[in-house]
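Here are the chains, one letter per residue:
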Amino acid sequence: MSQNRRIEYRILADLRVHRFELPGEPVESATGVIRELSASGCRLECSVPLQVNQELRLSFQLLDGHQVENARARVVRRLSQRSRRVVALEFLDLPEPAQLLIREYIVWRESQEAVS
């Protein structure tokens, strides 16, 4: 593991993926829910089996209304969680504005939870 790896804050989430695309494969029937989110990746529960190193694109809406569109990601590990298909994704080449949206969303969510 690299010593220069940046630490990202992550939060529990329940964000529906409204577009899910595997390169070269139509997946109109695929669904997914982001269960954990950081600016560098997410934990995704999905309706289709995904393999380690497989790349995909996904779009989702944050609860504050902002959209993250066409985020390219790679499966870094498959997680065993009973009968659910859960994978850890690393975002690839996520544009800085999208990273900023996610970081701001995490801060916003933490402030909402602190008030509750």
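Residues numbered from 1 in each chain as written. Predicted model: local features only at pLDDT ≥ 70, side-chain atom pairs only at ≥ 80, totals over all residues. Heavy atoms only, no water.

## As for the state of the cysteines
Link 1 in the chain: What the rule picks out here adds up to zero disulfides.
Link 2 in the chain: Cysteine Cys42 is unpaired, with the sulfur of Cys46 as its nearest cysteine sulfur at 9.9 Å.
Link 3 in the chain: The exposure class assigned to Cys46 is buried, which follows from its relative accessible area of 8%. (Disulfide = S-S within 2.5 Å. Buried < 20%, exposed > 50% of the residue type's maximum accessible area, 1.4 Å probe, protein only.)

## Points about the sheet that holds strand β4 (residues 55-61)
Link 1 in the chain: Pairing within the closed barrel is antiparallel, and its six strands lie in the order β1-β2-β3-β6-β5-β4. The mean angle between the axes of side-by-side strands here comes to 45 degrees, regardless of whether they run parallel or antiparallel.
Link 2 in the chain: Bridging between β4 and strand β5 (residues 67-81) involves six bridges; their strand directions are antiparallel. Bridge assignment links Leu58 to a residue of β5, and that residue is Ala71. (Pairing = 2+ DSSP bridges. Helix = DSSP H or I, 4+ residues; strand = E, 2+ residues; numbered from the N terminus. Axes fitted to C-alpha atoms, helices over the stretch in contact; angles between N-to-C directions.)

## Focus on the pairing of strand β2 (residues 32-38)
Moving residue by residue along a regular strand, the side chains alternate between the two faces of the sheet.
Link 1 in the chain: In terms of burial, β2 is largely enclosed, as five of its seven residues are buried.
Link 2 in the chain: Here five bridges tie strand β1 (residues 11-21) to β2, and the two strands are oriented antiparallel to one another. Looking across to β2, one finds that Leu12 is bridged to Glu36.
Link 3 in the chain: In textbook terms, the turn of a hairpin is the stretch between consecutive antiparallel strands, and for β2 and strand β3 (residues 41-46) this stretch comprises two residues.

## Let's talk about unusual backbone geometry
Link 1 in the chain: Unusually for a residue other than glycine, Asn53 sits at a positive phi of about 75 degrees.
Link 2 in the chain: Structurally, Asn53 is set in the loop between β3 and β4.
Link 3 in the chain: The phi dihedral of Asp93 is positive, around 50 degrees, even though this residue is not glycine.
Link 4 in the chain: Note that Asp93 resides in the loop between β6 (84-91) and α1 (96-115).
Link 5 in the chain: According to the relative accessible area criterion, Asp93 is exposed, its value standing at 64%.

Any functional reading would require information that these geometric values do not contain.
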